[in-house]
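# A closer look at the structure
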Amino acid sequence: MSIKNENDIEKNKADDITILAIESSCDETAAAVVRNGREVLSNIISSQIALHTIYGGVVPEIASRKHVEKINGCVRAALDEAKLRLEDIDAIAVTYGPGLVGALLVGVSEAKALSFVTGKPLVGVHHIEGHICANYIEDKTLEPPFICLVASGGHSHLVYVKDYGEYDIIGQTRDDAAGEAFDKVARAIGLGYPGGPKVDAAAKEGNPEAIHFPRAKTTEKSYDFSFSGLKSAVLNYLNQAEMKGESVNINDVAASFQKAVIDVLTEHTIEAAAEYGCDKIAIAGGVASNTALRARLEKECKDRGYTFYRPSPVLCTDNAAMIGAAGYYEFLKGVRSGMDLNAVPNLPLGNRERRYHGRS
């Protein structure tokens, strides 16, 4: 990465900046056109959910091949919907990590090729930074600092957003991410993939107080998360019921499990906001579309006089509009990537991000 001089940065601030963004970190092939970081001119997403459902989860090799098939079409569709040509674009932003390395390489290669052919600047974007920046699209009045809970299939982060592009990780998962726990529990109770939406739907028909599952506590005053014990507790409950020949109410299991996850996510987020003196709380990532989590955080924020920000569900799942938003703020800072930009599957975010069991 390189940073241009201050005169270039000031010029960028004075002009409209239109970003073509590409996202291919997992199983969505996406392209979008975003103006000034907040106005979405197009947001094209080609989902692979149906393809991977039969395997019960994402198969990396299949995801990569499908990205190769779809990415050119997504880019063309994004430009067409925005009624723009490549010549009208000011820069090209692309997710280069974290994610599945093969999937990331497809998007990075596409972006580098477009940058090389057109001469447009290339900006590498952190995937999780993109999720956080989805909130800027949803609410154009939001500005840092604020606390953001990022919860997805691969990540559970509690982030202090100090400024645009400046992040301090104050909590993260030590084992399973929240979304990963949702997927594994959904599979165990026969709901299938993708687990998050299916558990959310089943929980609406169940009693969240029916079964008491544990809430993991890490060290005192730590904002870290741990969901592997909760996942194991659900599996033990199911195994014991099977050995005893007892029937299991799937909806009650889903509701009780979901409440255990939401209790921990919410409590840590609210406590962090109080400690850091933030009266603005945002959520991001696939799990941020969970209806119970959104309702719980909205209530907790309202009770304390905090402002609660949450992207629309389409901006919670992987998409390129959020990459365009993040890319815009990187572009303003003068960040430029070279033709040596590579996929970084475990790319860390901000300060104080730690690694547990090889996870980012």
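Structural notes, computed from the coordinates. Note that the structure is a prediction, hence the values are computed from the model and not measured.

Another point: the nonpolar core. One finds Phe213, Phe227 and Phe257 to be the most contacted residues of the largest nonpolar core, which totals 45 residues. Of all the elements in the fold, those that place two or more residues in this core are strand 7 (146–151), strand 8 (156–163), helix 6 (178–188), helix 7 (195–203), helix 8 (228–244), helix 9 (250–276), strand 10 (280–284) and helix 10 (291–304). Among the elements that make up this core, the one with the highest residue count is helix 9 (eleven residues). Core analysis: the second largest hydrophobic core is formed by 39 residues, Ala134, Leu142, Ala326 and Phe331 among them.

This paragraph deals with the sheet that holds strand 11 (residues 307–309). Taken together, five strands build an open sheet; the order of strands is 9-8-7-10-11 and the sheet is mixed. Across the chains shown, the open sheet's two edge strands, defined by having one partner strand only, are strand 9 (166–172) and strand 11. Direction aside, the axes of adjacent strands within the sheet are offset by 25° on average. With four bridges connecting them, strand 7 and strand 10 associate as parallel partners. Following the sheet pairing, Val150 is matched in strand 10 by Ala284. Where helix 9 meets the sheet, it contacts strand 7, strand 8, strand 9 and strand 10, and its direction lies at approximately 160° from that of strand 7.

Moving on, we get to the packing of aromatic side chains. Aromatic ring pairs are reported here in terms of the distance separating the ring centres and the angle at which the planes meet. Evaluation of the coordinates by the stated rule reveals nine aromatic pairs. Residues Phe225 and Phe227 carry aromatic rings whose centres are separated by 6.1 Å and whose planes lie at 15° to one another, so their mutual orientation is stacked. Aromatic side chains Tyr328 and Tyr329 sit 4.9 Å apart centroid to centroid with 75° between the ring planes, which places their arrangement in the edge-to-face category. Taken together, Tyr136, Phe146, Tyr164, Tyr328 and Tyr329 form an aromatic cluster joined through their ring pairs.

Applying the stated criterion across every chain, the model contains 16 salt bridges. Between Arg310 and Glu298 there is a salt bridge, with its nearest N and O atoms 2.9 Å apart. With Arg310 in the loop between strand 11 and helix 11 (313–316) and Glu298 in helix 10, the pair connects residues that are twelve residues apart, well separated along the chain. The class for Arg310 is partly exposed, based on a relative accessible area of 29%. The partner of Arg304 in a salt bridge is Glu300, and the shortest N-O contact between them spans 2.6 Å. In this pair, Arg304 and Glu300 both sit in helix 10, four residues apart, roughly one turn of the helix. When its relative accessible area of 14% is taken as the criterion, Glu300 is described as buried. Here the residues in one salt-bridge network are Glu209, Arg215, Lys259, Asp263, Arg296, Glu300 and Arg304, joined through shared partners.

Within a sheet, each strand pairs with its neighbour through backbone hydrogen bonds, oriented either parallel or antiparallel. The strand order 4-3-2-5-6 describes an open sheet built from five strands, whose pairing is mixed. Among the strands making up the open sheet, the edge pair consists of strand 4 (39–47) and strand 6 (122–126). When the angles between neighbouring strand axes are averaged without regard to direction, this sheet yields 20°. The sheet contact formed by strand 5 (residues 91–97) and strand 6 spans five bridges and is parallel. Bridge pairing in strand 6 links Val94 to Gly124.

Along the polypeptide, Asn72 turns up in helix 3 (residues 60–82). Judged by its relative accessible area of 38%, Asn72 is partly exposed. Taking the C-alpha atoms as reference points, Asn72 and Ala30, separated by 42 residues in sequence, lie 9.9 Å from one another.

This part is about the side chain of Asp175. Structurally, Asp175 is set in the loop between strand 9 and helix 6. For Asp175, the side chain forms a polar contact with the main-chain nitrogen of Phe227, separated by 2.8 Å. Of note is the side chain of Asp175, whose polar atom sits 3.1 Å from the backbone nitrogen of Ser228.

Take helix 10 next. For an α-helix, 3.6 residues make a turn, and residues three or four places apart therefore share a direction. The end-to-end C-alpha separation of helix 10 is 20 Å, in line with the 20 Å expected for 14 residues at 1.5 Å each. For helix 10, the full list of buried residues reads Leu293, Arg294, Leu297, Glu300 and Cys301. Looking straight down helix 10, one finds its buried side chains confined to an arc of 135°; they lie on one side. The outward face of helix 10, more than 90 degrees from its buried face, is lined by the exposed residues Lys302 and Asp303. In the core, the buried residues of helix 10 are packed alongside strand 7, helix 9, strand 10, strand 11 and helix 11. Of the residues flanking the start of helix 10, the one acting as N-cap is Asn290, its side-chain oxygen 3.0 Å from the backbone nitrogen of Ala292. Within two residues after helix 10, Gly305 carries a phi angle of roughly 80°, on the positive side.

Calculation criteria
Residues numbered from 1 in each chain as written. Predicted model: local features only at pLDDT ≥ 70, side-chain atom pairs only at ≥ 80, totals over all residues. Heavy atoms only, no water. Core = buried A, V, L, I, M, F, W, Y, C linked by side-chain atoms within 4.5 Å. Buried < 20%, exposed > 50% of the residue type's maximum accessible area, 1.4 Å probe, protein only. Helix = DSSP H or I, 4+ residues; strand = E, 2+ residues; numbered from the N terminus. Pairing = 2+ DSSP bridges. Axes fitted to C-alpha atoms, helices over the stretch in contact; angles between N-to-C directions. Contact = heavy atoms within 4.5 Å. Phe/Tyr/Trp six-rings, centres within 6.5 Å; stacked < 30°, edge-to-face > 60°. Salt bridge = Lys/Arg side-chain N within 4 Å of Asp/Glu carboxyl O. Polar contact = N/O pair within 3.5 Å; in protein donor to acceptor, adjacent residues only side chain to side chain. Expected span 1.5 Å × (residues − 1). Arc of directions from axis to C-beta.

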